[in-house]
Amino acid sequence: MRWYCLNTNTHGCRRIVVSRGRLRRLLWILLTLSAVGLILWQCAELLMNYYSASVSVTVQFQKLPFPAVTICNINPYKYSAMKEYLSELDKETKKALETFYGFSEGKSKVRRSVDDWNSTGSDFFQQIPLLKVEDFSRTATELHSGQKRRVEGSVFHKDSSIVNSGDSNDIIGFQLCDANNSSDCALYTFSSGVNAIQEWYKLHYMNIMAQIPLETKEKLSYSADDLILTCFFDGLSCDKRHFTRFHHPLHGNCYTFNSGENGTILSTSTGGSEYGLHVVLYIDEADYNPFLVTSTGAKIIVHDQNEYPFIEDIGTEIETAAATSIGMHFTRSRKLSKPYSDCTETGADIPVENLYNKSYSLQICLHSCFQKAMVDSCGCAQYAQPLPPGAEYCNYKKNPNWMYCYYRLHEKFVKEQLGCQQICKDACSFKEWALTTSIAQWPSMVSEDWMLRVLSWDKGQKLNKKLNKTDLANLMVFYKDLNERFISENPANTLVILLSNFGGQLGLWMSCSVVCVIEIVEVFLIDSLSIVLRRQWQKAKKWWSHRQRGRAGKAPQGSDPERQGHDNPTPVSIDEDLPTFTTALRLPLPQDSPLPRTPPPNYSTLRLDTAFTEQLPDTLEMGRH
């Protein structure tokens, strides 16, 4: 057995024999037996799995949580209720259209003269003057006064989806100047007069709405009974109690289905349009603001219950007189944070205050960062975003410089000069619903008559007119299937993979295992460390002994050198008597004489004495022969 252990390639057995000390031998015995036990156990498992012809089939049925669906009317407020707040602005807007394009309601298209314009006066055009720019030059005609003047400052051209087919002399824009420095101005031009009028109108509209209390604005917008005619979910009827209202600055009262505020989140167990959300919306096109919105319908957004619905950014528009079917595919994504990517888990490490009271997202961070920069630079908050603590919305009565400051700040934001894009990061985990939209005509020609009559009767208690199909929108939101797609990032190199790669290389090229690694650690680390420590200990002992000898062997100053012995560190007392044998041994030796040594024995003086005095006779005879 000893010979086997000394000659085998199994490192554990060899270390049992060659290790010094009982403790090391005991440890190597335990390690070797443990390794043998693990090998037998793993081999047995492998054999059992190999010879068991079994398969694994997993069938899982699950319910997917239904997302929150937020619905807003494109027209934020009822125009009939807002007329008292917007009457002056609407009047000046109609005058501007009449002057620019000869537009008038119920009259022939005759351009309004400048004198008639000046006789009425206008605070809106004094705040933001509308200009007609001639061929992108620095010369512009002010429509309020009819005077031509040279435009100083920067010129910004706003592109639009509506292309102006007229000549370049019809380019219209407006000029914004710093209230503290009239020479610091910027001219904003548009390729279409429609966009110029709308942008000019929205600036004044936000000034007016910023001064109206929130409670009043909620009453001016649409209620749940006004917006929702019918509701079905998962084949069952639902009503306004399943919707949660929240007020959006740009879209008025919006309603979220399955918001989860009461602690309950609805789910669906079957895919298909019959088991999703089915609502019929009353749009009321006749009560739309003609200058604020130019399209008819509703906007919806599908989002998680903890996410803020950015309806103005990623909302999907729903047409009137049509049935819109939206099929969903649910995807959950998970990214790794540092050092694999520059994402954030909760947004707590982002130095931007979350103004939306919802879970972190990149959009929330960007909007909150811009709003903070708006308050710091302009002294007030932009109307379309939530209010920071202690701030108020901008209006030109309290903040006459806010519009110029806002446009300048927005220009820096778009050019990524505010630093918001550098500070804000993507969220590491997020949910996404991929939408597939299809549209069909609704109601059909053959069913239009009876459906409109029935819906008018259902709403007859609150509506005194017959419904038109252009006032209605049919919406269906459903899961196309219940397959949840999960996308996650996993590190390509982990500690387990690293150790496996190291083990494979060591085993392939050096026939090395875990036991061999322990052996290397023992020899090159533990033994080397013990040798170094032992040598240092010996050096320390030697230094200490020399130090003690040096202290004990010091002679007194001014003494005779003959009083100090060669090897005797203690002084010798000289006596007047003749030296004895004992004192002679302590006498100092001459400096040139060698140290006394024990002489070797004289082998020639050694004699063997026989124990017998007389020889035996037989030995004598043999000596004679």
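Residues numbered from 1 in each chain as written. Predicted model: local features only at pLDDT ≥ 70, side-chain atom pairs only at ≥ 80, totals over all residues. Heavy atoms only, no water.

Q: Account for the pattern of salt bridges, naming residues and giving values.
A: One pass over the full model with this rule turns up 17 salt bridges. Residues glutamate 88 and lysine 91 are paired through a salt bridge, measuring 3.9 Å at the closest nitrogen-oxygen approach. In this pair, glutamate 88 and lysine 91 both sit in helix 4 (residues 79–101), 3 residues apart, roughly one turn of the helix. A residue is classified by how much of its surface remains accessible, and lysine 91, at 42% relative accessible area, is partly exposed. Measuring nitrogen to oxygen at the nearest pair gives 3.2 Å for the salt bridge that ties aspartate 376 to lysine 372. One end of the pair is aspartate 376 and the other is lysine 372, both in helix 11 (residues 362–378) and 4 residues apart, which spans about a single turn. Given a relative accessible area of 46%, lysine 372 falls into the partly exposed group. (Salt bridge = Lys/Arg side-chain N within 4 Å of Asp/Glu carboxyl O. Helix = DSSP H or I, 4+ residues; strand = E, 2+ residues; numbered from the N terminus. Buried < 20%, exposed > 50% of the residue type's maximum accessible area, 1.4 Å probe, protein only.)

Q: Explain the sheet that holds strand 10 (residues 236–237) to me, and be specific about the residues and the numbers.
A: Spatially, the 6 strands line up as an open sheet ordered 10-9-14-21-17-20, and their pairing is mixed. At either margin of the open sheet sits one strand with a lone partner, and together these are strand 10 and strand 20 (429–441). For strand 17 (residues 322–334) and strand 20, the ladder comprises 13 bridges, and the chain directions are antiparallel. Paired with histidine 329 across the two strands is alanine 434, which belongs to strand 20. (Pairing = 2+ DSSP bridges.)

Q: Which residues make up the packing of aromatic side chains, and what values do they have?
A: Scanning the model with the defined rule gives 18 aromatic pairs in all. Centre to centre, the rings of tyrosine 406 and tyrosine 407 are 5.6 Å apart; their planes meet at 80 degrees, and the pair counts as edge-to-face. The same class applies to tyrosine 406 as to tyrosine 407, namely buried. The structure contains a cluster of three or more aromatic residues connected by ring pairs, namely Phe66, Phe233, Phe243, Phe257 and Tyr479. (Phe/Tyr/Trp six-rings, centres within 6.5 Å; stacked < 30°, edge-to-face > 60°.)

Q: Any chance you could break down the sheet that holds strand 11 (residues 243–248) for me, citing the residues and the numbers?
A: Ordered by their spatial adjacency, 5 strands build an open sheet running 11-12-2-15-16, and the pairing between neighbours is antiparallel. Strands with a single pairing partner mark the edges of an open sheet, and in this sheet they are strand 11 and strand 16 (316–318). Averaged over neighbouring strand pairs, the angle between their axes works out to 30 degrees when direction is ignored. Inspection of the sheet shows strand 11 paired to strand 12 (residues 252–257) by 6 bridges, in the antiparallel sense. Considered in strand 12, the bridge of threonine 244 is made with threonine 256. (Axes fitted to C-alpha atoms, helices over the stretch in contact; angles between N-to-C directions.)

Q: Could you give an account of the packing of helix 4 against helix 7 (residues 193–209), with specific residues and numbers?
A: Look at helix 4 against helix 7: their axes get within 11 Å of each other, and the N-to-C directions meet at 155 degrees. As the angle between them shows, helix 4 and helix 7 are arranged roughly antiparallel. Helix 7 is crossed by helix 4, and the crossing has right-handed handedness. From helix 4, Met82, Tyr85, Leu86, Leu89, Asp90, Thr93, Leu97, Phe100 and Tyr101 reach across to helix 7, where they touch Gly193, Ile197, Trp200, Tyr201, His204, Tyr205, Ile208 and Met209. Broken down by class, the residue content of the contact of helix 4 with helix 7 amounts to 13 nonpolar, 3 polar and 1 charged. (Parallel < 35°, antiparallel > 145°, perpendicular 65-115°, else oblique. Left-handed = near helix turned anticlockwise from the far one by under 90°. Contact = heavy atoms within 4.5 Å. Nonpolar A, V, L, I, M, F, W, Y, C, P; charged D, E, K, R; others polar.)

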